[in-house]
Amino acid sequence: MRKANREIKEFDKIVNLVERCDTIRLGISNEPSPYIVPLSFGYEIADEKIVFYVHGARKGKRHELVAKNPRVCVEGDLCHGFMETGRGSVTCEYESFIGYGNAELVKGEEAKKGIDLILSHCGFPGYPYKPGVFKVMSVYKIVLDEVRGKHRNL
């Protein structure tokens, strides 16, 4: 990281940032250009790693691209506003994280767990859903094997 004083090094602080984000962006390889999609999500910590769960249609571009190459990038951020620097410019106060892992299609109990975590993170813990929903929806699990955080002026 070019400006080391902006790095968020503590894992628990990155997890706290993840908790406060309401949307992540999933970057997927798609030659010749990357494909990025914003997603609602759920997460948990397992074996000292952040594990994301996301959902979507059983068919479509994201589904096709992940099947070709499961390696993905996950990004989340919070913009706290803009301010003058006092040096003749304007900057943004922010917190962000970026991580890398593999997206894995999950089914059965793992998919139910993922949906429960998504609903909980989105403010609907314990929300009842029909089991038939899994006939039209896919759930992916992404275990980050690398994650870094960054902030400015907080």
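Residues numbered from 1 in each chain as written. Predicted model: local features only at pLDDT ≥ 70, side-chain atom pairs only at ≥ 80, totals over all residues. Heavy atoms only, no water.

Peer 1: Which parts of the structure should I look at to understand helix α2 (residues 61–68)?
Peer 2: All of the buried residues in α2 are Arg62, Leu65 and Val66. In a view along the axis of α2, the buried residues occupy a sector of 100°, so they form one face of it. For α2, the exposed residues lying more than 90 degrees away from the buried face are Glu64, Ala67 and Lys68. Buried residues along α2 sit in contact with β2 (24–28), β3 (35–39), β5 (49–57), β6 (71–84), β7 (90–106) and β8 (137–152). (Buried < 20%, exposed > 50% of the residue type's maximum accessible area, 1.4 Å probe, protein only. Helix = DSSP H or I, 4+ residues; strand = E, 2+ residues; numbered from the N terminus. Arc of directions from axis to C-beta. Contact = heavy atoms within 4.5 Å.)

Peer 1: Would you mind showing me how to read the packing of aromatic side chains here?
Peer 2: Between two aromatic rings, the relevant description is the distance of the centres plus the angle of the planes. Following the criterion strictly, the structure yields five aromatic pairs and no others. Plain terms: the ring middles of Phe41 and Phe52 are 5.4 Å apart, the flat faces sit at 75° to each other, and that makes the pair edge-to-face. Linking Phe41 in the loop between β3 and β4 (42–46) with Phe52 in strand β5, this pair joins segments that are 11 residues apart in sequence. Here Phe41 and Phe52 have matching classes, each one buried. Between Tyr129 and Phe134 the ring centres are 5.9 Å apart and the planes differ by 75°, which places this aromatic pair in the edge-to-face class. For Tyr129, a relative accessible area of 26% gives the class partly exposed. Among the aromatic residues, those joined into a cluster by ring pairs are Phe41, Tyr43, Phe52 and Phe97. (Phe/Tyr/Trp six-rings, centres within 6.5 Å; stacked < 30°, edge-to-face > 60°.)

Peer 1: Just checking my understanding: could you explain the pairing of β3 for this structure?
Peer 2: Where a strand is regular, its side chains alternate between the two sheet faces. Sheet analysis places β2 next to β3, joined by five bridges and oriented antiparallel. Among the inter-strand pairings, Ile24 is bridged to a residue of β3, identified as Leu39. Connecting β2 to the antiparallel partner β3 that follows it, the hairpin turn spans six residues. (Pairing = 2+ DSSP bridges.)

Peer 1: Would you take a moment to explain the nonpolar core for this structure?
Peer 2: Formed by 26 residues in total, the largest nonpolar core has its most connected members in Ile24, Leu26, Phe41, Phe52, Val74, Phe97 and Ile142. Of all the secondary-structure elements, those providing two or more residues to this core are α1 (11–20), β2, β3, β5, α2, β6, β7 and β8. It is α1 that provides the largest number of residues to this core, a total of four residues. With near-sequence residues (within four places) excluded, Phe52 lies in contact with Val18, Ile24, Phe41, Gly42, Tyr43, Val74, Phe97, Tyr140, Lys141, Ile142 and Leu144. Among the nonpolar cores identified, the runner-up in size contains nine residues, and Val51, Tyr53, Val106 and Ile115 belong to it. (Core = buried A, V, L, I, M, F, W, Y, C linked by side-chain atoms within 4.5 Å.)

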